[in-house]
Amino acid sequence: MSNRVPAAHLTSHLGYWLRFVSNHVSHAFARKLEAEGVTVAEWAMLRELYDVQAHGPSRLAEKMGLSRGAISKLADRLIAKRLVARTDRDDDARAHMLALTAAGQEIVPRLAALADINDAEFFDHLTPEDRTTVGRVLKTIVERRGLKAIPLS
């Protein structure tokens, strides 16, 4: 007679299926972005900067749920790629602002189109009602758990 304690199978957990789908969706998107020379984290920062003239690093860190150090590293990489510019603030010489360059403004819609394509590849087989339901359920989980950080990996 066995003394083994019953253990739920991996596939019996919703978290398993969420991670399974998420990993495949994220990996496919990361490959698409890689072909454009940016990472998922860089894309997220570019998209955050797209709708504003400029953001201070602290505000950007707050919006993205990242540390100021992580924002600084991302900014340095995007500055090296000439997609973001760092400028001093007029009212405080110790502080600076981050803004998209012309090249950064130009690449964001192209990258957003890749996000749309990636979504379509994975979710277009769902009915509009099912897509709405899945989105609503996931957003409810995010809200109830107080999740803030933008998923970057």
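## Structural notes on the packing of aromatic side chains
By convention here, two paired aromatic rings are described through the distance between centres and the angle between planes.
Next up, step 1: According to the stated counting rule, one finds five aromatic pairs in the structure shown.
Next up, step 2: With a centroid separation of 5.9 Å and 35 degrees between ring planes, the pair formed by Tyr16 and Phe20 is classed as tilted. Of this pair, Tyr16 and Phe20 both sit in helix H1 (residues 14-35), four residues apart, which is roughly one turn of that helix.
Next up, step 3: Under the relative-accessibility criterion, Tyr16 is labelled partly exposed at 27%.
Next up, step 4: A residue is classified by how much of its surface remains accessible, and Phe20, at 39% relative accessible area, is partly exposed.

## Description of the layout of surface pockets
It is the rolling of a water-molecule-sized probe over the atoms that shows where space remains empty.
Next up, step 1: Of the pockets and cavities examined, the largest pocket occupies roughly 1,900 Å³.
Next up, step 2: As for the largest pocket, its lining consists of 37 residues, of which Ser22, Val25, Ser26, Leu138 and Pro151 are closest to the centre.
Next up, step 3: Put simply, the parts of the chain that give the lining of the largest pocket at least two residues each are H1, helix H2 (40-50), helix H5 (102-123) and helix H6 (128-145).
Next up, step 4: The residue inventory of the lining of the largest pocket, partitioned by class, reads 22 nonpolar, eight polar and seven charged.

## Regarding the pattern of salt bridges
Next up, step 1: Applying the stated criterion across every chain yields a total of ten salt bridges.
Next up, step 2: Across the salt bridge formed by Lys32 and Glu121, the nearest N and O atoms sit 2.8 Å from each other. Of the two residues, Lys32 sits in helix H1 while Glu121 sits in helix H5, which places them 89 residues apart along the sequence.
Next up, step 3: The exposure class of Lys32 is buried, given its relative accessible area of 19%.
Next up, step 4: The salt bridge involving Lys81 is made with Glu42; its shortest N-O contact spans 2.7 Å. Of this pair, Lys81 sits in the loop between helix H4 (68-80) and strand E1 (84-89) while Glu42 sits in helix H2; the two residues are 39 residues apart in sequence, bridging distant segments of the chain.
Next up, step 5: By relative accessible area, Lys81 is classed as partly exposed at 36%.
Next up, step 6: Each of Glu36, Glu106 and Arg110 takes part in a single network of salt bridges with overlapping partners.

The rules behind each value
- Residues numbered from 1 in each chain as written.
- Predicted model: local features only at pLDDT ≥ 70, side-chain atom pairs only at ≥ 80, totals over all residues.
- Heavy atoms only, no water.
- Phe/Tyr/Trp six-rings, centres within 6.5 Å; stacked < 30°, edge-to-face > 60°.
- Helix = DSSP H or I, 4+ residues; strand = E, 2+ residues; numbered from the N terminus.
- Buried < 20%, exposed > 50% of the residue type's maximum accessible area, 1.4 Å probe, protein only.
- 1 Å grid on protein atoms, 1.4 Å probe; cavity = no way out; pocket = protein on both sides within 12 Å on 5 of 7 lines; lining within 4 Å.
- Points joined across faces, edges and corners; volume = space filled by probe spheres on them.
- Nonpolar A, V, L, I, M, F, W, Y, C, P; charged D, E, K, R; others polar.
- Salt bridge = Lys/Arg side-chain N within 4 Å of Asp/Glu carboxyl O.

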